Amino acid sequence: MAAAFYSFSAILFLSLTIPSNACFPADRAALLIFKSTLHEPRLGIFRTWRGTDCCRRWYGVSCDPETHRVADINLRGESEDPIFEKANRTGYMTGSISRAVCRLTRLSSLIIADWKGISGPIPSCITSLPFLRILDLVGNKFTGPIPADIGRLSRLTVLNVADNQISGYIPRSLTNLSSLMHLDIRSNQISGTIPRTFGKLRMLSRALLSKNRLTGAIPPSISYIYRLSDLDLSLNQLSGTIPAALGKMAVLATLNLDGNKMSGQIPTTLINSGISILNLSRNALEGYIPDAFGPRSYFTVLDLSYNNLRGRIPKSISAATFVGHLDVSHNHLCGPIPAGSPFDHLEASSFTYNDCLCGKPLRAC
């Protein structure tokens with residue numbers, strides 16, 4: 001009986017001494033462990049992490065105003081915050097992410113970006129955070145794979161692990177992220193194929209997968225993603241033909257497939273589509289440039305260089321509403337370059353290293 005009384009008294013004492021609007025004690029303890037595995041000597045941002053209330057004046061930490069649970073960790077190594085301006089430098093942080101971060105069960109966003117020196121794996125327990133909406137770890141030295149069961153994060157809208165040293169495969173479960181809008185895994189060491197069911201990501205607007213070691217074909221299911229506006233698969237080892245359905249996508253504006261091993265012909269659908277930046281350079285594409293340009297053709301960039309294209313430059317290109325930068329160099333094209341727009345503002349370098357192209361801006365035919 002006496003023991004129970006003292007236990008109740010201790011709980012009562014804690015409830016009276018911790019302010020009602022202070023952060024949850026277990027969250028504060030988890031943050032301190034999280035802090036202990038990171039080292040940032042230049043700016044001193046972690047010197048603000050003191051006192052009992054982690055919801056107030058702890059740099060980069062935000063809490064839910066009602067529950068006082070930690071909701072956001074937002075630490076960026078490149079910031080316009082006064083603490084960076086005063087030091088007149090960007091930040092550099094080393095260390096790793098402690099698994100203690102997974103004790104912050106109400107966490108909505110985890111942003112630890114552009115610190116250049118944070119390494120180690122992404123804790124697999126991250127996938128147990130049911131409220132996580134943003135995971136942004138861009139610009140560090142993280143290694144190991146993307147957690148295999150990343151698909152458990154049903155609320156995730158942003159997944160950005162670009163510019164790290166991530167390896168392994170794209171997890172199959174990733175295609176279960178039904179709320180995902182922004183996927184950026186550029187500049188890593190990710191290998192294997194793009195999941196066949198990639199098209200299940202129906203909310204996706206940007207898919208940036210360039211500069212990895214991806215192989216295999218482009219899944220046709222990508223064309224099912226109605227909202228997709230930017231698709232960057234460049235600088236991989238993708239092969240096979242370009243799915244014609246990509247040219248029929250409603251809002252696709254940027255398609256970068258350069259620096260792969262794509263073969264076959266250029267689908268006609270890509271030429272008379274809503275795509276404004278189309279880069280198919282440095283592949284193994286064959287056949288003719290489709291003679292399908294029309295009023296819907298509006299290209300700020302059209303790069304078909306370093307392929308095995310042959311035949312003439314189609315005259316219908318003059319029917320395009322706009323062609324800004326055009327590059328068909330390093331192919332096997334032949335015949336006269338059409339006169340007039342857009343050719344009257346293009347330089348010779350756009351047409352060099354072909355078999356027998358002639359006319360302005362090259363030599364006369």
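Rules used throughout
- Residues numbered from 1 in each chain as written.
- Predicted model: local features only at pLDDT ≥ 70, side-chain atom pairs only at ≥ 80, totals over all residues.
- Heavy atoms only, no water.
- Helix = DSSP H or I, 4+ residues; strand = E, 2+ residues; numbered from the N terminus.
- Rg over C-alpha atoms; globule rule 2.2 N^0.38 Å.
- Contact = heavy atoms within 4.5 Å.
- Areas by Shrake-Rupley, 256 points an atom, 1.4 Å probe, with all protein chains shown as cover.
- UniProt positions renumbered as here; feature names shortened; annotations may be inferred.
- Pairing = 2+ DSSP bridges.
- 1 Å grid on protein atoms, 1.4 Å probe; cavity = no way out; pocket = protein on both sides within 12 Å on 5 of 7 lines; lining within 4 Å.
- Points joined across faces, edges and corners; volume = space filled by probe spheres on them.
- Nonpolar A, V, L, I, M, F, W, Y, C, P; charged D, E, K, R; others polar.
- Core = buried A, V, L, I, M, F, W, Y, C linked by side-chain atoms within 4.5 Å.
- Buried < 20%, exposed > 50% of the residue type's maximum accessible area, 1.4 Å probe, protein only.

The name given to the chain in an unreviewed UniProt entry is DNA damage-repair/toleration protein DRT100-like protein, and the organism recorded there is Salvia divinorum.

Caption draft 1: Layout of the overall build of the chain. Helix and strand content of the chain: four helices and 23 strands. A globule of 365 residues ought to have a C-alpha radius of gyration of about 21 Å, yet the chain, at 27 Å, is considerably larger. If you line up the chain on its principal axes, its C-alpha atoms span 105 × 45 × 35 Å. A separation of at least 24 residues holds for 50% of the contacts in the chain among residues at least 6 apart in sequence. Roughly 17,200 Å² of accessible area belongs to the chain as shown, and the carbon and sulfur atoms make up 54% of that amount.

Caption draft 2: Focus on the UniProt feature "domain: Leucine-rich repeat-containing N-terminal plant-type" (unreviewed entry) in the chain. Under the feature "domain: Leucine-rich repeat-containing N-terminal plant-type" (unreviewed entry), the UniProt entry names residues 26-64. With 28% helix and 13% strand, residues 26-64 has its two end C-alpha atoms placed 15 Å apart.

Caption draft 3: Representation of the sheet that holds strand β6 (residues 116-121) within the structure. Strand order in the open sheet formed by four strands is β1-β4-β6-β8, with mixed pairing between adjacent strands. The strands lining the two open edges of the sheet, one partner per strand, are β1 (38-39) and β8 (141-143). With three bridges joining them, strand β4 (residues 93-95) and β6 adopt parallel strand pairing. Across the sheet, T94 pairs through a bridge with G117, a residue of β6.

Caption draft 4: Expanded view of the layout of surface pockets. In this structure, the largest pocket encloses a volume near 160 Å³. Lining the largest pocket we find Y169, I170, R172, G192, T193, P195, R196 and T197. Residue classes in the lining of the largest pocket are distributed as three nonpolar, three polar and two charged.

Caption draft 5: Looking closely at the nonpolar core. Counting 97 residues, the largest nonpolar core has I73, V101, I126, F198 and L209 as its most contacted members. Where this core is concerned, the elements lending two or more residues are α2 (25-36), β2 (61-63), β3 (70-76), β5 (109-113), α4 (268-271), β19 (298-303) and β21 (322-327).

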